[in-house]
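# Results of the structural survey
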Amino acid sequence: MGDIAVWVAALTGGTAVLASWVTNLGNVRAARVQAEASAQAQHRGRVRELRRAAYLGLMEHAHVSGELYRRVRDAFYRITDPGQQLTRFEELRSELREAYDPLMHSVRVVVLEGPFAAAEAAQGVLDAAQKVNRCLWRITCGDADARDHFIELQGAYLRDLGRFAEAARAAMEAS
């Protein structure tokens with residue numbers, strides 16, 4: 001009977017060690033899966049915050065340019081003296097040149113952060129701003145058709161900005 005007790009004890013001990021090893025292996029795998037899931041969640045959160053900051057930066061800079069375009073339109077209607085109007089347009093062109101670099105930088109950040117639809121829409125805003133700014137230059141050169149063209153281009157700029165806002169919203173909902 002003593003031999004059987006030793007065998008039972010050895011078998012029970014071996015089973016306990018094996019069970020412990022299997023349990024430990026399962027715990028290690030579970031911990032690894034949990035760590036990976038946590039890392040992925042942190043990464044998604046970081047990407048979301050970086051995109052959000054990029055989108056807000058672009059919206060802020062685009063708003064500055066949009067406000068300056070509105071002031072150009074106001075000058076069309078409020079200033080009747082051609083000399084004063086030209087002076088005001090030159091002032092606004094200078095302000096738009098200063099506003100363009102931050103707008104371009106924010107578009108580049110959006111292009112970097114993505115996704116493609118938001119980057120493409122951001123580039124559309126920048127392209128529209130370039131067209132409006134060139135048209136203002138044509139106004140200061142005395143181009144008779146430039147005023148009507150400016151108003152059309154300003155509308156296109158606002159539509160492109162709206163498209164960007166929609167693309168940014170969709171990107172934020174997807175992330």
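### Some points on the overall build of the protein
Check the secondary structure of the protein and you find four helices and zero strands. In the protein, the succession of helices and strands from N to C terminus is α-α-α-α. Taking 175 residues into account, the globule formula puts the C-alpha radius of gyration at 16 Å, and the protein, at 32 Å, lies well above it. For the C-alpha atoms alone, the extent of the protein along its principal axes is close to 120 × 20 × 20 Å. By the burial criterion, 30% of the 175 residues in the protein qualify as buried. For the protein, the proportion of contacts with a sequence separation of at least 24, taken over those separated by at least 6, is 74%.

### Comments concerning the pattern of salt bridges
Taken as a whole and judged by the stated rule, the model has nine salt bridges. With a closest N to O distance of 2.3 Å, aspartate 160 and arginine 163 form a salt bridge. Within this pair, aspartate 160 and its partner arginine 163 are both found in helix H4 (residues 146-174), separated by three residues, close to a single helical turn. Residue arginine 163 is classed as partly exposed on the basis of its relative accessible area of 49%.

### Remarks on the packing of aromatic side chains
A ring pair, where both rings are aromatic, is described by two values, the distance of the centres and the angle of the planes. Under the counting rule described, the total for this entry stands at five aromatic pairs. Look at tyrosine 55 and phenylalanine 164: their rings are 5.8 Å apart centre to centre, the planes differ by 85 degrees, and that puts the pair in the edge-to-face class. Taken together, the residues tyrosine 55 in helix H1 (residues 2-78) and phenylalanine 164 in helix H4 connect sequence positions 109 residues apart. Its relative accessible area of 0% is what places phenylalanine 164 among the buried residues.

### Considerations on the nonpolar core
Core analysis: the largest hydrophobic core is formed by 39 residues, its most contacted members being Tyr55, Val110, Phe150, Tyr157 and Phe164. Among the secondary structure elements, those contributing two or more residues to this core are H1, helix H2 (82-113), helix H3 (116-140) and H4.

Cut-off values and rules
- Residues numbered from 1 in each chain as written.
- Predicted model: local features only at pLDDT ≥ 70, side-chain atom pairs only at ≥ 80, totals over all residues.
- Heavy atoms only, no water.
- Helix = DSSP H or I, 4+ residues; strand = E, 2+ residues; numbered from the N terminus.
- Rg over C-alpha atoms; globule rule 2.2 N^0.38 Å.
- Buried < 20%, exposed > 50% of the residue type's maximum accessible area, 1.4 Å probe, protein only.
- Contact = heavy atoms within 4.5 Å.
- Salt bridge = Lys/Arg side-chain N within 4 Å of Asp/Glu carboxyl O.
- Phe/Tyr/Trp six-rings, centres within 6.5 Å; stacked < 30°, edge-to-face > 60°.
- Core = buried A, V, L, I, M, F, W, Y, C linked by side-chain atoms within 4.5 Å.

On their own, these measurements won't tell you what the molecule is for.
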